[in-house]
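The lines below spell out each chain.
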Amino acid sequence: MAYALQLLINGVTLGMIYGLIAVGYTMVYGIIGMINFAHGDVFMIGAFIGLIVLTALTGITSIPLAIAAAFIVAAVLSGVYGFSIERVAYRPLRGSFRLAPLISAIGMSIVLENYVQVTQGALDRAIPPLLPGGVAVMRQHGFVVQLSFMQVAIVVVTLAVLAVFTWIVTKTPLGRAMRAVEQDAKMAALLGIDTNTTISLTFVTGAALAAVAGVMFLLYYGVIGFYIGFNAGIKAFTAAVLGGIGSLPGAVLGGLLIGLIEAFWSGYGPLAYKDAAVYSILAIVLMFLPSGLLGRHEVEKV
Amino acid sequence: MSAVLELHGVSAFYGPVQALREVSLHVNEGEIVTLIGANGAGKSTLMMTIFGQPRARTGEIVYHGENITAVPTFEIARKGIAQSPEGRRIFPRMSVEENLLMGAQVVNYADYAKNLDMVSELFPRLRERFTQRGGTLSGGEQQMLAIARALMSKPRLLLLDEPSLGLAPLVIKQIFGVLRQLNRETGLTVLLVEQNANQALRLAHRGYVLVNGAITLEGTGSELLALPEVRSAYLEGGH
Ligand SMILES: Nc1ncnc2c1ncn2[C@@H]1O[C@H](COP(=O)(O)OP(=O)(O)OP(=O)(O)O)[C@@H](O)[C@H]1O
Ligand SMILES: [Mg+2]
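When helices and strands are counted, chain B shows 10 helices and 10 strands. Each of the three principal axes of chain B carries a C-alpha extent, and together these read 45 × 40 × 35 Å. Burial statistics for chain B: of 239 residues in total, 58% are counted as buried. By sequence separation, contacts in chain B at least 24 residues apart represent 67% of the contacts at least 6 residues apart. With the model as given, the accessible surface of chain B reaches about 9800 Å², and the carbon-plus-sulfur share is 51%. Charge centroids of chain B, computed over 23 positive and 23 negative side chains, lie 5 Å from each other.

Set out below in C-alpha cells:
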C-alpha cells in the first residue's frame, strides 16, 4: 500500500513531464497533420538552456529566482527554436508529399542532437539539487512514503502552465485561430486569419511547453545529456497517440498514464521490460480504440 | 457609380483544367449582382478566385481600385470582403458562438454586440443553438451560420455562394428579404451565386450568365429574366 502510493507519486510527476511534451506533438499534428519528430530535441534544448541559466545565476541570485529565470529563458529561447525549425525544415515542404516533412523532422532531430553534443559536450551535465527535502506522507512497516518538494513543484507548475495554455486555446482569438486553421485552413484564411503566422505560433507554444518540461526534467533528475530528447520524445509521442492524437486533454491524460505505467512497472515488474510494457499497452489500447482514449469518433457533417 | 470589384480577363485553372475563361465583370458600389450558370459552369471557382484560391492565371482582379490579383487570401479578407462559400465550411468543432466570433475576428470584434443582435434576429434558430457545435447543426442551420458568420465581419462586399441551398422556401424568402434590406439601408454590395435564378434575378440589380467558365450574357435582372435563352436554360421547371 505504502509502496504503491510512492509509485503513484513518482508516476504522476513523470507523467506531468510527458504530458507537457505530448501537448506539443498533438498541437502540431492537429494543425498541420505531421509528427514533429524534432520536438523531443526541443525539450532537450530547453533542459540545456535551463542548465546554462541556472549555472550562471547560482550564487548570484536566490535559488527561486534562478529557477524562475531558467523556466522563462528556456521557454522563450526554445520558442525561437520552434519557430526556426518550422520555417527552415517544414514550411518549404508544405504541400509536397506527406512523408517529406516527416523525413525532414528526423533530419532536424539529428542536427539538433549533434549540435548540442558539439557545443555542450557528449558527457552528462549535472546540477546540484536545488530544492532538496520533502515530507513523509505515510509510514508503513518501516517504509516511508516521500513526497519531495520538487515533485510538488513539478505538479503545481505543470497544472499552472496547462491552465494558462487551456485558456489561450479555448478563450482567446489566437487559440480560436489555431483551432480554425486546424479544422479548415482555407476557410480560416477567407476569414482573414494568417495561417502561416498561426502555424508558427503553434510551434512556438509547443516548444515553450516542451522547454518547461525540459527544465523540470533537469531539476527533477539533476542530470541531462544531449540524448535525452530521443527517449522522452518517443514516450511523449506515445502518450499523445494513447490519449488520441489531436486531442489536448488526451495528451495530458496519455502522459499521466505513461508515467504511471512506467512507475508501476519499474516498481513491481522487471525493470528491463519497462519500455516494452509501455508500448504493449499502447498497442492494446489502439487495438480497441484506434483513435486513442480521447480521440475523435463522433459523427460530423462537414 | 464606382466599381467595388472588377475582373478583367480572368482565367483560372485546376491543374491543366481551365475553369474560368477570360472572365470580365464588375460590381458597383451598392449593387446586388447575381451570377447564374449550370452546375460546373465555374461560379464557385469565380467566387474563390476573387480570394486567390485558386489564383487567377491571367487577368486582373481589382477591388476599390487596388489590384488584388496577387494579394494573400487573408489580406484580401482584411480589406472588407467576406464570403459564405460553397459547402458552408462551418468549423465543425467550434460552437455556433465561436463560429460567429471567427467571423468578427478580422475586424477585431468591432460592433460585435450589434452585429450579433442583427444576425440573431435574422436567424433566431442560431440564437437557440448558440453553444451547439457547428458540425452537429442541420444542413440548413449550417447555411444560416455561414451567412451569419460572413455578416459578422461587417463586409463592404459580400460574396454569397448559393445561400439558399438546403433552406426551406420561407427561410430563403427571408434571407433574400434581409439582403434587400441590408442593401437598401446600409448600401451593402453583394455578389450572389444562385441556382435559384428566378428569385436571384428578381432581387439583383444586374446579372451575369456563366457558361463553361465564360460570361455569355449580362444585363439587368429584368432584362435577363425576359430573355428566352435564360428562361429555357435556368428558369423553366423552376418556380
Ligand atoms: N478542386 C478542384 N479540382 C479540380 N477541378 C475542380 C475543382 N473544383 C472545381 N473543379 C472543376 O471546375 C469546374 C467548375 O467548378 P465550380 O465548382 O466552379 O462550378 P459551379 O458553377 O460552382 O457548379 P455548381 O453549381 O455545381 O456548384 C467544374 O468542371 C469542376 O469539376
Ligand atoms: Mg458551386
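Attention now moves to the interface of chain B and chain A. Taken together, the contact between chain B and chain A spans 28 residues of the former and 22 residues of the latter. Roughly 2500 Å² of surface becomes buried between chain B and chain A when both sides are summed, with 57% attributable to carbon and sulfur atoms. The largest contributions to the chain B side of the interface with chain A come from R89(B), F91(B) and R93(B), which together make up 25% of the buried area. Remark: the boundary between chain B and chain A carries 3 salt bridges. The shortest N-O distance in the salt bridge between D184(A) and R89(B) comes to 2.9 Å. The tally of links from chain B across to chain A stands at 6 residue pairs in polar contact (both at pLDDT 80 or more). When contributions to the side of chain B that touches chain A are tallied by element, the ones reaching two or more residues are α2 (73-78), α3 (96-105) and α6 (139-151) of chain B.

Let us now look at the coordination of the magnesium ion (ligand 2). Each pair of donors in an ideal octahedron of six around a metal sits at 90 or 180 degrees, and each pair in an ideal tetrahedron of four sits at 109.5 degrees. Residue and element names in this part refer to chain B. On the protein side, the magnesium ion (ligand 2) has S44 (OG) and E86 (OE) as donor atoms, found 2.0 to 2.2 Å from it. Of the two residues, S44 is situated in helix α1 (residues 43-50) and E86 in the loop between β6 (81-84) and α3; the sequence distance between them amounts to 42 residues. Overall, S44 belongs to the buried group, its relative accessible area being 14%.

Turning our eyes to something else, we now look at the packing of aromatic side chains. Residue and element names in this part refer to chain A. Inspection of the entire model under this criterion finds 12 aromatic pairs over all chains. Ring geometry for Y25 versus F237: centroids 5.7 Å apart, planes at 55°, classification tilted. One end of the pair, Y25, is in helix α1 (residues 2-32); the other, F237, is in helix α9 (residues 228-243), and 212 residues separate them in sequence. When the centroid spacing of 4.9 Å and the interplanar angle of 65° are considered together, the rings of Y220 and Y221 count as edge-to-face.

All told, the structure shown has 14 salt bridges over all chains when counted by the stated rule. The salt bridge involving E86(A) is made with R91(A); its shortest N-O contact spans 3.1 Å. Between R93(B) and E182(A) there is a salt bridge, with its nearest N and O atoms 3.7 Å apart. One end of the pair, R93(B), is in the loop between β6 and α3; the other, E182(A), is in helix α6 (residues 173-183), on a second chain. Judged by relative accessible area, which is 24%, E182(A) ranks as partly exposed. The network of salt bridges with shared partners includes K235(A), E262(A), K274(A) and D275(A).

With that out of the way, let us pick up the pairing of β6(B). Residue and element names in this part refer to chain B. Covered by surrounding structure in β6 are I81 and Q83 together with A82 and S84, the residues of both alternating faces. The sheet contact formed by β6 and strand β7 (residues 157-161) spans 4 bridges and is parallel. For I81, the partnering residue across the bridge sits in β7 and is L157.

Here we take up the site of ligand 1. Residues and elements named next belong to chain B. Taken together, 13 residues are adjacent to ligand 1, and K43, S44, T45, E86 and Q195 come closest. Contact distances for ligand 1 include 2.5 Å between an oxygen atom and a side-chain N or O atom of T45. Between ligand 1 and E86 there is a distance of 2.6 Å, counted from an oxygen atom to a side-chain nitrogen or oxygen. For ligand 1, whose accessible area on its own is 630 Å², the fraction buried by protein is 59%. When residues in the shell around ligand 1 are grouped by element, the largest group, 3 residues, is from α1.

Moving on, we come to the environment of E229(B). Residues and elements named next belong to chain B. The residue E229 is located in helix α10 (residues 228-235) in this model. Under the relative-accessibility criterion, E229 is labelled partly exposed at 41%. Each C-alpha atom, one on E229 and one on L217, is 9.8 Å from the other, the two residues being 12 residues apart in sequence.

All names here are of chain B. If you walk across this open sheet you meet the 6 strands as β6-β7-β8-β3-β9-β10, and the pairing is mixed. In this open sheet, the two edge strands, each paired with only one partner strand, are β6 and β10 (214-220). Strand-to-strand twist across the sheet, computed as the mean angle between neighbouring axes with direction ignored, equals 15°. When strand β3 (residues 32-37) meets strand β9 (residues 206-211), the two strands line up parallel, connected through 5 bridges. When the sheet's bridge partners are listed, T34 is paired in β9 with G207.

Each value, and the rule that gives it
- Residues numbered from 1 in each chain as written.
- Chains lettered and ligands numbered in written order.
- Predicted model: local features only at pLDDT ≥ 70, side-chain atom pairs only at ≥ 80, totals over all residues.
- Heavy atoms only, no water.
- Helix = DSSP H or I, 4+ residues; strand = E, 2+ residues; numbered from the N terminus.
- Buried < 20%, exposed > 50% of the residue type's maximum accessible area, 1.4 Å probe, protein only.
- Contact = heavy atoms within 4.5 Å.
- Areas by Shrake-Rupley, 256 points an atom, 1.4 Å probe, with all protein chains shown as cover.
- Lys, Arg positive; Asp, Glu negative; His and termini not counted.
- Charge placed at Lys NZ, Arg CZ, Asp CG, Glu CD.
- Buried area = accessible area lost by both parts, 1.4 Å probe.
- Salt bridge = Lys/Arg side-chain N within 4 Å of Asp/Glu carboxyl O.
- Polar contact = N/O pair within 3.5 Å; in protein donor to acceptor, adjacent residues only side chain to side chain.
- Donors = N, O, S within 2.8 Å, 3.2 Å for Na, K, Ca; no water.
- Phe/Tyr/Trp six-rings, centres within 6.5 Å; stacked < 30°, edge-to-face > 60°.
- Pairing = 2+ DSSP bridges.
- Near = heavy atom within 4 Å.
- Axes fitted to C-alpha atoms, helices over the stretch in contact; angles between N-to-C directions.

Just distances and angles here, no functional claims.
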